[in-house]
Amino acid sequence: MSVRPIHIAVLDTDIPCYPVYAKRGLYSSQFKLLLTAAANRINASEYHQHRRSLGVRITAFDVVGWSFPNLESLRVSPWSSTENAPSGFPDPVDAILVTEAAAALYDKLHWILGLQSFIEKVYVDYPMVRIFGSCFGHQLIAQALLASDKSYKPQGSSFKISVERSSSGHEIGMHPIILNPAFVSNVPPLARFTPEQPFRIQIIHGDAVISSPEDTLVPGMMLPEPWLNIGSSRNCPIHGLYKPGHVLTLQGHFEFDAFATAELCHQFANQFHWPADLLASHLENIRRSVVPGKDDDDDSKIAAEAVLLFFAGEDWTSDADINSSSS
């Protein structure tokens, strides 16, 4: 069976805090490891027995240092098993992945504005390229594609999307996320999650994508069609964005485990001068996923598979279920 190579340009927007970097390297390296493992699980699953196998190619770019993918390398036509890459390039870039960062969008750093402009251009001029963002990446994509003084009137109610400091403070650790049924119906690996069995990945953020006025915060109804809010937690009404076949974002981190989240939490505690009891509370939430001697008890593997299937164009499907080996 042929292999469908998925070429992902990972845009590194930060360097992990030193203990995480020393153990695992850059965020782009971590995504490569996790998405490759997700491809192996998917390829071995019953769901994928009669489909083309998925392969992962990662090219990393330091956007803080103003390194971006060459626009000529981006995909402009549907994938074909007989295609040849343009001269001088590997397989065309199928997807853009924007990583997390400690920076805030409202800091207006030069590279943030440049990255936002790049995402806007890819979105408009290269619709075959799928776009994903994690945490800061989620917020930047919302700012680039749904904010910037754009106003919408769903269901006759006017509101704007913006990225601001969360009014409820930092959301950190394992907080249940209630996924929007309209979203999970398009992403088979996530179909198992219900209000009684919520989605759980590590979360650590102090800023959030919000809409105003707040009375429009109804999952799946607050965005212009066909955009969807992927779901909500108690303290964060918009936990991700989804435009079928084009854009997916997560406020949480499938690429973080308890170790990585705790190390970043310690960095935040020093930066924001948290009292000891607040730090201890956050660390307790983070460590809820820890199972000694085993992988963390969370849904990060399922999330990684969902993101990879999105990159592969297998999110917009009528299949009712996927029997992944991570079940």
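Residues numbered from 1 in each chain as written. Predicted model: local features only at pLDDT ≥ 70, side-chain atom pairs only at ≥ 80, totals over all residues. Heavy atoms only, no water.

Going by what an unreviewed UniProt entry lists, the chain is known as Genomic scaffold, ProqFM164S03 and is assigned to Penicillium roqueforti.

Asker: Talk me through unusual backbone geometry; I want residue IDs and the actual numbers.
Answerer: Residues Glu225 and Pro226 are joined by a peptide bond in cis, for which omega reads 5°. Tracing the sequence through the fold places Pro226 in the loop between β10 (207-212) and β11 (228-229). Look at Cys135: it is not a glycine, yet its phi comes out positive at around 55°. Mapped onto the fold, Cys135 is located in the loop between β4 (130-134) and α4 (136-145). Residue class for Cys135 comes out buried when judged on its relative accessible area of 7%. (Helix = DSSP H or I, 4+ residues; strand = E, 2+ residues; numbered from the N terminus. Buried < 20%, exposed > 50% of the residue type's maximum accessible area, 1.4 Å probe, protein only.)

Asker: Account for the sheet that holds strand β1 (residues 3-12), with residues named and values stated.
Answerer: Strand order in this open sheet of seven strands is β2-β1-β3-β4-β14-β13-β11, and the pairing throughout is mixed. Sheet topology places β2 (53-62) and β11 at the edges, where each strand pairs with a single neighbour. Relative to β2, β1 is paired through ten bridges, and the arrangement is parallel. For Ala9, the partnering residue across the bridge sits in β2 and is Thr59. In the packing of helix α2 (residues 27-44) onto the sheet, contacts are made with β1, β2, β3 (95-98) and β4, and the angle to β2 comes to roughly 175°. Most of the contacts of helix α3 (residues 110-125) go to β3, to which it runs at about 155°, and overall it touches β1, β3, β4, β13 (241-243) and β14 (247-250). (Pairing = 2+ DSSP bridges. Contact = heavy atoms within 4.5 Å. Axes fitted to C-alpha atoms, helices over the stretch in contact; angles between N-to-C directions.)

Asker: With reference to specific residues and values, describe the packing of aromatic side chains.
Answerer: The description of an aromatic ring pair rests on the distance of the ring centres and on the angle between the ring planes. In the structure shown here, the tally under the stated rule is 14 aromatic pairs. Each ring, one from Phe193 and one from Phe199, has its centre 5.3 Å from the other, and the planes form 70°; the classification is edge-to-face. Taken together, the ring pairs connect Phe31, Phe132, Phe254, Phe310 and Phe311 into an aromatic cluster. Stacked on the ring of Phe259, the Lys or Arg Lys23 has its end atom at 4.5 Å from the ring centre. (Phe/Tyr/Trp six-rings, centres within 6.5 Å; stacked < 30°, edge-to-face > 60°. Lys NZ or Arg CZ within 6 Å of the ring centre and 35° of its normal.)

Asker: Report on the environment of Ile286, specifying residues and quantitative values.
Answerer: Considering the arrangement of structural elements, one finds Ile286 in helix α7 (residues 276-286). Since its relative accessible area comes to 0%, Ile286 is described here as buried. Spatially, the C-alpha atoms of Ile286 and Ala260 are 9.7 Å apart, while their sequence positions differ by 26 residues. Excluding residues within four positions of it along the chain, Ile286 makes contact with Ile172, Gly173, Met174, Gln202, Ala258, Thr261, Ala262 and Cys265.

Asker: Give a description of the nonpolar core that names residues and reports values.
Answerer: A general tendency of soluble globular proteins is for nonpolar side chains to be buried together. Of all hydrophobic cores here, the largest spans 39 residues; its most connected members are Leu190 and Phe311. Mapped by element, the contributors of at least two residues to this core are β1, α2, β2, β3, α5 (181-184), β14 and α8 (300-311). Examining the composition of this core, we find that nine residues originate from one element, α8, more than from any other. Here Leu190 is in contact with Leu179, Phe183, Val184, Phe199, Ile302 and Ala306, once residues within four sequence places are set aside. (Core = buried A, V, L, I, M, F, W, Y, C linked by side-chain atoms within 4.5 Å.)

Asker: Which residues make up the pattern of salt bridges, and what values go with them?
Answerer: If charged atoms from side chains of opposite charge come close, those side chains can pair. Within this structure, the stated rule accounts for nine salt bridges. Close ionic contact of Asp94 with Arg75 constitutes a salt bridge, the shortest N to O distance being 2.5 Å. Residue Asp94 is found in the loop between β2 and β3, and its partner Arg75 is found in the loop between β2 and β3; the two are separated by 19 residues along the sequence. On the accessibility criterion, Asp94 (2% relative accessible area) is buried. Judged by relative accessible area, Arg75 falls into the buried class, the value being 4%. The closest approach of N and O atoms between Lys301 and Asp295, which form a salt bridge, is 2.8 Å. The exposure class assigned to Asp295 is exposed, which follows from its relative accessible area of 55%. (Salt bridge = Lys/Arg side-chain N within 4 Å of Asp/Glu carboxyl O.)

Asker: Residue-level account of a nonpolar patch on the surface, with values.
Answerer: A cluster of nonpolar side chains, Ile15, Tyr18 and Tyr21, forms an exposed patch at the surface whose accessible area comes to about 370 Å². Relative to the elements of secondary structure, Ile15 occurs in the loop between β1 and α1 (18-24). (Patch = residues over 30% accessible without salt bridge, like charges linked within 9 Å, V, L, I, M, F, W, Y side chains within 5 Å. Areas by Shrake-Rupley, 256 points an atom, 1.4 Å probe, with all protein chains shown as cover.)

Asker: Mind laying out the packing of helix α6 (residues 258-272) against α7, listing which residues take part and the relevant values?
Answerer: At a minimum axis separation of 10 Å, α6 and α7 run at an interaxial angle of 165°. Relative to α7, the element α6 is oriented roughly antiparallel. In terms of crossing hand, the pair formed by α6 and α7 is right-handed. Residues Ala258, Thr261, Ala262, Cys265, His266 and Ala269 of α6 pack against Leu279, His282, Leu283 and Ile286 of α7. (Parallel < 35°, antiparallel > 145°, perpendicular 65-115°, else oblique. Left-handed = near helix turned anticlockwise from the far one by under 90°.)

Asker: Before we move on, could you go through the pairing of β3 and cite the residues and values that matter?
Answerer: The two faces of β3 match: Ala95 and Leu97 on one face and Ile96 and Val98 on the other face are all buried. Sheet topology note: the β1/β3 ladder contains four bridges and is parallel. If you follow Ala9 over to β3, its bridge partner there is Ile96. Sheet topology note: the β3/β4 ladder contains four bridges and is parallel. Residue pairing in the sheet places Ile96 in a bridge with Ile131 of β4.

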